[in-house]
Amino acid sequence: MTSFDSLWASILDVGQHKSTRGYRRFAWNDADMTLREWFADCAQARGMSVEEDRNGNLWAWWMPKGWEGDPRDAFVTGSHLDSVPDGGAYDGPLGVVSAFAAIDIVRDRGIEPTRPIAVTAFSDEEGARFGVACVGSQLSTGALAPERALALRDNDGISLGEALVGVGRDPRHLGEDPDLVDRVGVYVELHVEQGRALDLIDSPIAVASSIWPHGRWQFVFTGEANHAGATRLVDRRDPMLAFASSVHTARTAATLHEAVATFGKVRVLPNGANAIPSEVRAWLDARAADEETLTKLVQQITAEAQAYAAADGIGLDVDAESVTPIVEFPQSTRERLRRSLAHLGDIPVLPTAAGHDAGILSAKVPTAMMFVRNPTGVSHSPDEFAEPDDCNRGAQALADVMADWVSEPLHRSRFSPGLETRTRS
């Protein structure tokens, strides 16, 4: 059994729902806390120091022999450990497990790094509990204000601040990480492929070129609650009708713009089978190949939703909860990854429509992404899958990239005088 196989097996049951087979690993819930302990155990078993930063992101550090002071210009890799509701096993954890496995592979090769290496797990990447994605990385980069983050609430009305207090964290610590740029020399995130491309070209590994611009918008349709049986149709102010028409519009508009748009989360009040709703609160996820197209797409959906609402005497408020611009990964960084993997052949370069912490961090530090083949393309579902052989190939490829990066010599002033460093044999 490889290092990857044993690490992977050790978390497969954490947060998995017995009936759906999906994972419910939400920010700061019991499953999340168990995985945080698992992360610390993995790091300590490898002699790595463990840190939880001010925003709940986890870091495991392998420091070069003779290194003095704080980490600088580190090779950082990892992903996240949380999931969407009833999500799959691979989205997020594959990158963290592969990172620890890559550490083992690099050590087995006898390589002593010349720069710090970190494995990281960013907090609340999916945004499943509090509604905003990439909370940990957004806070660290300053893209999300701590005041706004602390006010976010889950479906039970618990705020992020209250949730942090409940697990023994101090919410006053949240905020931009002033040391992020100095500490991270490059961040390389390995992720399961989302969508299907590698299976069609028979390649187990790819490098990312870009991340589509994307965002989440909250639509609140407000009507009037009333009796489902006793209220005449002409007397109703039913917000469900305007919402249902908007769902159809989103699909039609996305097709027109060669983009994607999804209403995937809905809350209905009072949510009674025999009651006309007073409110429908729905979240639109929209993504497109460029920012201009994304803007036009959301504008069209919003305008038509407003027209439906006005026709039915319904109120409508639309709020942009998060909008992420297009991310173009630096060509020099991704080409270096391809050179590190040249022995595997011509590594394909692909865009992705899925958001990632690497996209958030790219505003501050050099970033890159690698994908492991997903033979069905299914993601955010219990049926998400990658072949064990491909997962091991991914860990090996990440180790190749890591070894290349950390074998590069740094300025000697960062080491104790008289100490030699070793590179790959």
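Preceding this paragraph is the structure being described.
Calculation notes
Residues numbered from 1 in each chain as written. Predicted model: local features only at pLDDT ≥ 70, side-chain atom pairs only at ≥ 80, totals over all residues. Heavy atoms only, no water. Helix = DSSP H or I, 4+ residues; strand = E, 2+ residues; numbered from the N terminus. Rg over C-alpha atoms; globule rule 2.2 N^0.38 Å. Buried < 20%, exposed > 50% of the residue type's maximum accessible area, 1.4 Å probe, protein only. Contact = heavy atoms within 4.5 Å. Areas by Shrake-Rupley, 256 points an atom, 1.4 Å probe, with all protein chains shown as cover. Expected span 1.5 Å × (residues − 1). Arc of directions from axis to C-beta. Polar contact = N/O pair within 3.5 Å; in protein donor to acceptor, adjacent residues only side chain to side chain.

## Topic: the overall build of the protein
Part 1 of the reasoning: A count of helical and extended segments in the protein gives 13 helices and 15 strands.
Part 2 of the reasoning: A globule of 425 residues ought to have a C-alpha radius of gyration of about 22 Å, and the protein, at 23 Å, matches this closely.
Part 3 of the reasoning: The principal-axis extents of the C-alpha atoms in the protein amount to approximately 85 × 50 × 40 Å.
Part 4 of the reasoning: Looking at the protein residue by residue over its 425 residues, the buried ones come to 54%.
Part 5 of the reasoning: By sequence separation, contacts in the protein at least 24 residues apart represent 77% of the contacts at least 6 residues apart.
Part 6 of the reasoning: A total accessible area of about 18300 Å² is found for the protein, and carbon and sulfur atoms account for 50% of it.

## Re the environment of Gly 161
Part 1 of the reasoning: Within the secondary structure, Gly 161 sits in helix 6 (residues 160-166).
Part 2 of the reasoning: Under the relative-accessibility criterion, Gly 161 is labelled buried at 12%.
Part 3 of the reasoning: In this structure, the C-alpha to C-alpha distance between Gly 161 and Glu 147, residues 14 residues apart in sequence, is 9.5 Å.
Part 4 of the reasoning: Setting aside its immediate chain neighbours within four residues, Gly 161 contacts Leu 150 and Pro 171.

## A closer look at helix 9 (residues 239-256)
Part 1 of the reasoning: End to end, helix 9 covers 26 Å across 18 residues, agreeing with the expected 26 Å (1.5 Å per residue, within 8%).
Part 2 of the reasoning: Listed as buried for helix 9 are Pro 239, Ala 242, Phe 243, Ser 246, Thr 249, Ala 250, Ala 253 and Ala 254. Here the buried residues of helix 9 occupy an arc of 125° about the axis, which is enough to place them on one side. Seen from the buried face of helix 9, the exposed residues on the opposite side, beyond 90 degrees, are Leu 241, His 248, Arg 251 and Thr 255.
Part 3 of the reasoning: On its buried side, helix 9 packs onto strand 7 (214-222), strand 9 (260-269), strand 11 (279-287) and helix 10 (291-311).
Part 4 of the reasoning: A distance of 2.9 Å separates the backbone nitrogen of Met 240 from a side-chain oxygen at the start of helix 9, and that oxygen is part of Asp 238.

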